[in-house]
Amino acid sequence: MSATLAAVVLSLFSAVAYAAAAVAQERLASRSPGSGTLGMLTRGAWWWSVALNASAALLHVAALKYGTLTLVQPLGALTLVAAVPLGARVAGRRVSAVEWRGTALTLIGLAALLVTASGPAPDDVLSVPQALAVAGTTAMLIGGLSRPGTRPGLRHATASGFASGVASALTQTVTVAATDRSDSLLSAQVVVVALLVAAFAAGGLLLSQTAYQGGLGAPLAVVTLANPVAAVVIGLSLLGERLQGGAAGALLALVGAGIAAWGVVTLSRSTPDPDPLPLARPQTLVDDDHPVAAVLALDAGSATYEPSLVPKQPNSGHLTSL
């Protein structure tokens, strides 16, 4: 198996895991919108979503070992593509025509990017001063985006995408440097950059959880677009990565990026019509300790209203209050 094919396959499995975690996080956030991030820490299902994110991250790290940032990071848009059928399945509805169109556009754009971004396995890494400069610049951007103001969900999603993209770029440095037998596994470069990876990965996760409290579509789309932008800028400017095909390849990459972004925006704006006669869900006992049952048993909104069973009192114009 070639390095490019291995990177694509690993990125595909990583995207599915990330999508499942995003759907779980959105359902948890919408179930308790006022609880905040600290409140989520007490929920067992939230920790299962963290486990999904961790599995996806490991697959992503493996993909970065075999593929460049310009190849692996745009494939993160597959997360949104995978989240569409997963979210529809959990919500008990069919995928809409708009969602199918957005999915097709995203896949077409990613196919064009795949042709131009494919190349040999990465062998260049960020130096410690470069990594610190990238981390400092990103921290200032995240601080500015996290300030109180309008549209906090989209700003937090943008900050989350930048944090995750930088974490991926730094992760590639750690992976390549750690597997290079010419230096120690615990060299200063590996240790310092690994600490930065942990900080930005955790920050990206918490920022995304905050962004999903207002819904999944738009914030996930913004994260999906901001993530590869940050990583590709680092790859092209600091790691010496190049697109295949010269000027024609660069033009194809721009067209593909535009089509993929169009598909992502289409997916984020899709609002499926609710079923006119929704079927009542049977009331069954759920084992909260089971990861799948704990997530799928959650309702997106609050509990449904049920009429009072207290009988009406004689000669009274209202129900008895308890």
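Look above for the structure.
An account of the accompanying structure is given in this report. Since the structure is predicted, the reported quantities are computational estimates derived from the model, not experimental observations.

## Notes on the pattern of salt bridges
Here's step 1: If you walk through the whole model with that rule in mind, you get one salt bridge.
Here's step 2: With its nearest N and O atoms 2.9 Å apart, the salt bridge here joins Arg93 to Glu99.

## Topic: the nonpolar core
In summary, soluble globular proteins display a tendency toward joint burial of nonpolar side chains.
Here's step 1: In terms of nonpolar packing, the biggest core is built from 30 residues, with Leu69, Ile142, Val166, Leu170, Val193, Phe200 and Ile234 touching the most fellow members.
Here's step 2: Elements represented by at least two residues in this core include exactly helix H3 (44–66), helix H4 (69–72), helix H7 (128–145), helix H8 (152–178), helix H9 (188–211) and helix H10 (217–238).
Here's step 3: Broken down by element, this core gets its largest block of residues, eight residues, from H8.
Here's step 4: Here Leu69 is in contact with Leu64, Pro74, Ser168, Ala169, Gln172, Ala231, Val232, Gly235, Leu239 and Glu241, once residues within four sequence places are set aside.

## A short note on the layout of surface pockets
Here's step 1: What the second largest pocket holds in volume is close to 840 Å³.
Here's step 2: Surrounding the second largest pocket, 37 residues form its lining, Tyr18, Asn53, Ala57, Ser164 and Asn227 being those nearest its centre.
Here's step 3: Among the elements of the structure, helix H1 (3–31), H3, H8, H9 and H10 are those that each provide at least two residues to the lining of the second largest pocket.
Here's step 4: Residue composition of the lining of the second largest pocket, grouped by class: 21 nonpolar, 16 polar and no charged.

## With respect to the packing of helix H6 (residues 97–117) against helix H11 (residues 246–269)
Here's step 1: Packing of H6 against H11 leaves a shortest axis separation of 7 Å and a crossing angle of 160 degrees. In terms of their interaxial angle, H6 and H11 are classed as roughly antiparallel. Where H6 crosses over H11, the handedness of that crossing is left-handed.

## A short note on a nonpolar patch on the surface
Here's step 1: A cluster of nonpolar side chains, namely Leu5, Val9 and Phe13, defines an oily patch on the protein surface of about 270 Å² accessible area.
Here's step 2: Within the secondary structure layout, Val9 lies in helix H1.
Here's step 3: Look at Val9 and you get partly exposed, because its relative accessible area is 31%.

What counts, and at which threshold
- Residues numbered from 1 in each chain as written.
- Predicted model: local features only at pLDDT ≥ 70, side-chain atom pairs only at ≥ 80, totals over all residues.
- Heavy atoms only, no water.
- Salt bridge = Lys/Arg side-chain N within 4 Å of Asp/Glu carboxyl O.
- Core = buried A, V, L, I, M, F, W, Y, C linked by side-chain atoms within 4.5 Å.
- Buried < 20%, exposed > 50% of the residue type's maximum accessible area, 1.4 Å probe, protein only.
- Helix = DSSP H or I, 4+ residues; strand = E, 2+ residues; numbered from the N terminus.
- Contact = heavy atoms within 4.5 Å.
- 1 Å grid on protein atoms, 1.4 Å probe; cavity = no way out; pocket = protein on both sides within 12 Å on 5 of 7 lines; lining within 4 Å.
- Points joined across faces, edges and corners; volume = space filled by probe spheres on them.
- Nonpolar A, V, L, I, M, F, W, Y, C, P; charged D, E, K, R; others polar.
- Axes fitted to C-alpha atoms, helices over the stretch in contact; angles between N-to-C directions.
- Parallel < 35°, antiparallel > 145°, perpendicular 65-115°, else oblique.
- Left-handed = near helix turned anticlockwise from the far one by under 90°.
- Patch = residues over 30% accessible without salt bridge, like charges linked within 9 Å, V, L, I, M, F, W, Y side chains within 5 Å.
- Areas by Shrake-Rupley, 256 points an atom, 1.4 Å probe, with all protein chains shown as cover.

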